[in-house]
Amino acid sequence: FESSLWDDNKKTSSGQHKSEFTEFATLGTQFSAAIMDVSQLEHLMRNLAIKETRTNSLDLLESKLSDVNQDIYETMLSSESLFKFLAEADADQHTTASRIIYDKALEFFPNGSASVIDRFFERCLTHPKNSVKQFGLRGAAAMVYHSATITPNTVELIIQHCLPMKEVYVDTLLNVLVKCLPPIFTEPTVQNKLVSVLQFDETVRCRVYEVVCTVLEQHPAYMQIASPVLESALADLDKDDVLLQSSVLQILTQLLTTKEGFDYIEGIDLFRKVYVNFVSVKVTPFVRFVLPNALKFYASAALIQPSLFLQRHPATVDFIFDQITPEDPMLMAIAYDCLGMVGSTNEGKIFLSDNQKLKMEQFLKEFPGILHSTTDVYKVRFIECITCLMSGGDSESIDNRVTCITQEWYETMTESKDLEMVQTLFKNPFPDIKMASLKLLSAIVDHRWGQQFFQNTACFTEQLLSRRLDTLNVNVAQFKYDVIKKLSLCPTLEPYVTDALKQYVTAGAFHREAHVEVVIEGGQ
């Protein structure tokens, strides 16, 4: 059947196609001997618009790219045949065309914005076919990636025409907008474009929220200007759609990274609203979708503004402890992450010691058994939680009270005054767990008690200094070297221990000893 269709096609248009293929072959011969001129370009553009000659024409154009001067290039960008080709081309052909068009754009317009390329972007972004819009977005992204500017009009067209698209390169879209929006974010036309896109479905609205919150994370002074978008996000958070609620809460958590964002969240009473809507209610299968992001929301607040948040919302830490149960491993792992975030600051450690003493004691006593029984997928995250709890906080000089708290916690957890637990983890051959154990060791030996416990651990120094497995993972070997260097400077260690450590440091992270073998002939 396909053969008969092809035969009929050849009968009806064989003369035309034969002529086109002949002209194409002739044109290829001409290209091999001359710089491309306007007539050759026009012929090539016509062939690009024809399905049967498209691929060969595209390959020929790419091979002769060095022969295209700026005048010819500008003529090509305004060709109607080029846009017909872009509307009908497949993904692979778009990829080739993007190399041709955008490499030349960066060559001729290294600083970005120029009338010809701006007009090309405008025609692409306003084209009725989404694939052509995506092609224009890809070009804008290429310019931005190479630090070339694109016009505010191009940015507005991306907001208007690409943000609402169902099928779009989302990461590319967000990266372009996050990089280009800040200088023009306060412009009324830009804000109007962002607000206008909120009329679309929840997926599109969440893209707008993510773009705006990421910009606010970098430029918190724009908080007031962005209030219409933020109000829309808060309205979505109140809707009876758990997936939408979960996504919006995760995006709004970005605001907590700055003092201005924290004040905004506090000002609209969102901490209480999240607690009332997702924490105090009975846990259902639907609410459980939102719980992970509710946990991270509170933990982020405790990390950014520990004293203020923990003083005003202490019940949220009870919420985190309530999720540390083996019944739901995924939720348990997130709770461990969040507890580590709360306890990573000095204020958080003091709060946990003073206000959650019994729960911390139960958590620490159960930790070794849970760590032993859990899968490797979660083991690294559990170790990282303890690393945060053992860390010295943000201050350069470790607070004495924090040192006492961390020592008490470690002794409660291991019922010992050595680092045998850390040593056992370090013996694990898997690089991720070995790296996690080294990070835990690094945090512990920042304390004087940790240095003493290290010295109390039989054979730990020898195992650290062994280079036998260093070649298996470069990152682990480098971090181990950094830990050994830190230990070599510890004043509490015995001189013979520090001497061995310093010898390792002097040799370097990737030192390899030469092994000489002597073979005696005759069996003597």
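Residues numbered from 1 in each chain as written. Predicted model: local features only at pLDDT ≥ 70, side-chain atom pairs only at ≥ 80, totals over all residues. Heavy atoms only, no water.

Structural notes on the pattern of salt bridges
Within this structure, the stated rule accounts for 17 salt bridges. For the salt bridge of Asp236 with Lys239, the shortest nitrogen-to-oxygen distance reads 2.9 Å. The partner of Lys359 in a salt bridge is Asp318, with the nearest N and O atoms 2.9 Å apart. In this pair, Lys359 is assigned in helix α22 (residues 357-373) and Asp318 in helix α19 (residues 315-322), connecting sequence segments 41 residues apart. For Asp318, a relative accessible area of 26% translates into the label partly exposed. Connected through shared salt-bridge partners, Arg205, Asp236 and Lys239 make up one network. (Salt bridge = Lys/Arg side-chain N within 4 Å of Asp/Glu carboxyl O. Helix = DSSP H or I, 4+ residues; strand = E, 2+ residues; numbered from the N terminus. Buried < 20%, exposed > 50% of the residue type's maximum accessible area, 1.4 Å probe, protein only.)

So, the packing of aromatic side chains
When we look at a pair of aromatic rings, we describe it by the centre distance and by the angle of the planes. Under the defined criterion, the tally for this structure stands at 27 aromatic pairs. Look at Tyr481 and Tyr504: their rings are 6.5 Å apart centre to centre, the planes differ by 35°, and that puts the pair in the tilted class. Here Tyr481 is found in helix α29 (residues 474-488), whereas its partner Tyr504 is found in helix α30 (residues 495-507), with 23 residues between them in sequence. Per residue, the accessibility class of Tyr481 equals that of Tyr504, and both read buried. Put simply, the rings of Phe262, Phe271, Phe297, Tyr298, Phe309 and Phe319 pair up and form one aromatic cluster. (Phe/Tyr/Trp six-rings, centres within 6.5 Å; stacked < 30°, edge-to-face > 60°.)

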